Amino acid sequence: MITTREAVVRPTSLNNAATAIFAVLGLIDVALTGVIGSSDAPPLAVSLGIAALGLITLFCLVPARRGIRGALIAIVVTRVISALLAVPAFF
């Protein structure tokens, strides 16, 4: 008799703290569209791109909480891109 063991793969999901942090970061990105038109605002394309990254983050939170791996990857990628776009502001 042959017995096999099947591994149970549980989907990776976000915990409450990570969800809250990603939600706040996404909301900050979207809120930065409020500086459009001011004297020290970044170029319009940059502002709209950052807002788009924030919206992608916010829209992917619910699927990531449900364990959809692609949504979690999208959140991480958008946060990394957003962080890289913020670096020139310090120089």
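It should be noted that the structure appears before, not after, this text.
Residues numbered from 1 in each chain as written. Predicted model: local features only at pLDDT ≥ 70, side-chain atom pairs only at ≥ 80, totals over all residues. Heavy atoms only, no water.

A. Main features of the overall build of the chain. Regarding its fold elements, the chain presents three helices and zero strands. Against the compact-globule benchmark of 12 Å for 91 residues, the chain has a radius of gyration of 18 Å, which places it well outside the compact range. Once the C-alpha set of the chain is aligned to its principal axes, its extents read approximately 75 × 20 × 20 Å. Within the chain, the fraction of its 91 residues that count as buried is 24%. If you take every contact in the chain between residues at least 6 apart in sequence, the share linking residues at least 24 apart comes to 64%. Accessible area of the chain: about 6600 Å², with a carbon and sulfur share of 70%. (Helix = DSSP H or I, 4+ residues; strand = E, 2+ residues; numbered from the N terminus. Rg over C-alpha atoms; globule rule 2.2 N^0.38 Å. Buried < 20%, exposed > 50% of the residue type's maximum accessible area, 1.4 Å probe, protein only. Contact = heavy atoms within 4.5 Å. Areas by Shrake-Rupley, 256 points an atom, 1.4 Å probe, with all protein chains shown as cover.)

B. Just helix H3 (residues 69–86), in detail. The end-to-end C-alpha distance of H3, which contains 18 residues, comes to 26 Å, matching closely the 26 Å that a straight helix rising 1.5 Å per residue would cover. Three or more residues of H3 are buried, namely Ala71, Leu72, Ile75, Thr78, Arg79 and Ser82. Buried residues of H3, viewed axially, fall in a sector of 130°; they line one side. Facing away from the buried side of H3, by more than 90 degrees, are the exposed residues Arg69 and Leu84. Elements that come into contact with the buried residues of H3 comprise helix H1 (16–31) and helix H2 (44–65). (Expected span 1.5 Å × (residues − 1). Arc of directions from axis to C-beta.)

C. Fine view of the pattern of salt bridges. In this structure the tally under the stated criterion is one salt bridge. We note a salt bridge from Arg79 to Asp29, for which the minimum N-O separation is 2.4 Å. Here the residue Arg79 occupies a position in helix H3, and Asp29 occupies one in helix H1, the gap between them amounting to 50 residues. Its relative accessible area of 6% is what places Asp29 among the buried residues. (Salt bridge = Lys/Arg side-chain N within 4 Å of Asp/Glu carboxyl O.)

D. Summary view of the side chain of Arg79. The buried category is assigned to Arg79, whose relative accessible area is 11%. A polar side-chain atom of Arg79 sits 3.3 Å from a polar atom in the side chain of Thr57. (Polar contact = N/O pair within 3.5 Å; in protein donor to acceptor, adjacent residues only side chain to side chain.)

E. Molecular detail of the layout of surface pockets. Here the largest pocket is characterised by a volume of approximately 340 Å³. Considering the residues around the largest pocket, the lining is formed by 14 residues, among which Leu32, Pro42, Ile50, Ala86 and Ala89 are closest to the centre. When contributions to the lining of the largest pocket are tallied by element, the ones reaching two or more residues are H1, H2 and H3. Residue classes in the lining of the largest pocket are distributed as ten nonpolar, two polar and two charged. (1 Å grid on protein atoms, 1.4 Å probe; cavity = no way out; pocket = protein on both sides within 12 Å on 5 of 7 lines; lining within 4 Å. Points joined across faces, edges and corners; volume = space filled by probe spheres on them. Nonpolar A, V, L, I, M, F, W, Y, C, P; charged D, E, K, R; others polar.)

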